[in-house]
Amino acid sequence: MTVSDNDSQGSSAAPALPALAFYGKMLTFSRLQFSTDDLSEIDAQLAATLSNKSSNIPILIDSEVEQDLSALVELLWSWGLQPIGVVTGTLDAQAREQRLAIFPADGKRIERILPSKKAATQVSKAPDDRHTESASTNSTSTNSTSTNSDSNNDTAAISESNTETTIATTTAETLVSAEHITSLIYDQMLRSGQSLNHVGGDLILTNSVNSGAEAITDNSLHVYGRAQGRLVAGATGDKDARIFCQVFNPSLVSVAGTYCLRDNLPEHVIDKSVQVRFVEGEGLVFTVMDDA
């Protein structure tokens, strides 16, 4: 009884620890693309490709054809590969049944909660300006054609109606596409050992990223201090993502899965204001913004 009381007192005095905590970490996975569901053919290809069955490589399964996912997973494990999930597509239903992760396809962003009202307001202003401009243009057009025949006036009215319809459609589409984009502004210095991971919008750092730290986002990354450490944009495959830095000197930079280490960076971009983007067929393109 005494022991129980002591335990109780000790536990009450000790600070409560959270049951779990989310951390962002950039990891590298191999991606296997399958063009056939013939397991014997896949097995033969693995035998010709792998030198042993103890590589323990985490992989993503990317298949354009229907597969017996359970049998495929067993085959991959037998070769020392560790399937952790599938790229979204024909295998989604089977992946859910087997509790495997489903990763976005290239160029797709992971959806996030709806943005704040501020973001919606910013989006709604632009269509209003266009509507005003269009209304002004239509008014001018009507005045200039007032001396024309009734048939010409009817044509102008129809044109104005079509313009209003187009504006309304554009407004709705713009609002829908913006619902899943929420940027994050981070004002603190990102210190060595820290990792900041934002999903669903741009990541904007107003301070520096120290060596040994990492900043990761599925959209574009902006660093207004000194950018060291690991900088990752388009983490889920968005090839339109970009990285903007005031003072560029990272240990690693990556856009849409294509990365470059510090030793391979062009010398002329070090410690400069730099934009990094991905260009199909070229890889990462570094532009000194002062020279742009």
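Quick look at the structure, then. None of these values were measured; they are calculated from a predicted model.

A look at the overall build of the chain
Right, on to step 1. The secondary structure content of the chain amounts to six helices and 15 strands.
Right, on to step 2. Here the chain holds 292 residues, and 31% of them are scored as buried.
Right, on to step 3. A total accessible area of about 17,700 Å² is found for the chain, and carbon and sulfur atoms account for 51% of it.

With respect to the sheet that holds strand E2 (residues 57-63)
Right, on to step 1. Ordered in space as E1-E2-E3-E4, the four strands form an open sheet in which the pairing is parallel. Taken across any chain shown, the strands that pair with only one partner, and hence form the sheet edges, are strand E1 (30-34) and strand E4 (101-103). Averaged over all adjacent pairs, the angle separating strand axes in this sheet is 40°, with direction ignored.
Right, on to step 2. Pairing between strand E3 (residues 81-87) and E4: three bridges, direction parallel. Counted as the bridge partner of Val86 is Ile102 from E4.
Right, on to step 3. Sheet strands in contact with helix H3 (residues 69-78) are E1, E2 and E3, and its direction is about 145° off that of E3.

Thoughts on the nonpolar core
Right, on to step 1. Ranked by internal contacts, the top residues of the largest apolar core, which has 29 residues, are Leu221, Ile243, Phe248, Val253, Val276 and Phe286.
Right, on to step 2. Mapped by element, the contributors of at least two residues to this core are strand E7 (203-205), strand E9 (221-227), strand E10 (230-233), strand E11 (242-248), strand E12 (252-255), strand E14 (274-279) and strand E15 (283-288).
Right, on to step 3. Those residues in contact with Leu221 that lie beyond four places of it in its chain are Leu203, Leu205, Ala215, Leu231, Val232, Ala233, Arg242, Ile243 and Phe244.
Right, on to step 4. Of all hydrophobic cores here, the second largest spans 16 residues; its members include Phe34, Ile42, Leu72 and Leu100.

Notes on the side chain of Gln94
Right, on to step 1. Turning to its location among the elements, Gln94 is positioned in helix H4 (residues 92-97).
Right, on to step 2. According to the relative accessible area criterion, Gln94 is buried, its value standing at 18%.
Right, on to step 3. Apart from the residues lying within four places of it in its own chain, the contact partners of Gln94 are Glu66, Gln67, Asp68, Leu69 and Ser70.

Points about H3
Right, on to step 1. Of the residues making up H3, those classed as buried are Leu69, Leu72, Val73, Leu75 and Leu76. Take H3 and look down its axis: the buried residues cluster within an arc of 160°, on one side only.
Right, on to step 2. Along its buried surface, H3 packs onto E1, helix H2 (39-49), E2, E3 and H4.
Right, on to step 3. Backbone geometry just downstream of H3 places Gly80 in the positive-phi region, at approximately 80°.

Considerations on the pairing of E1
Put simply, side chains in a regular strand alternate between the two faces of the sheet.
Right, on to step 1. Sheet topology note: the E1/E2 ladder contains five bridges and is parallel. Within E2, the position partnered with Leu32 by the bridge is Ile61.
Right, on to step 2. Once you follow E1 into H2 and on to E2, the crossover reads as right-handed.

Conventions and cut-offs
- Residues numbered from 1 in each chain as written.
- Predicted model: local features only at pLDDT ≥ 70, side-chain atom pairs only at ≥ 80, totals over all residues.
- Heavy atoms only, no water.
- Helix = DSSP H or I, 4+ residues; strand = E, 2+ residues; numbered from the N terminus.
- Buried < 20%, exposed > 50% of the residue type's maximum accessible area, 1.4 Å probe, protein only.
- Areas by Shrake-Rupley, 256 points an atom, 1.4 Å probe, with all protein chains shown as cover.
- Pairing = 2+ DSSP bridges.
- Axes fitted to C-alpha atoms, helices over the stretch in contact; angles between N-to-C directions.
- Contact = heavy atoms within 4.5 Å.
- Core = buried A, V, L, I, M, F, W, Y, C linked by side-chain atoms within 4.5 Å.
- Arc of directions from axis to C-beta.
- Right-handed = clockwise from strand over helix to strand, strands pointing away.

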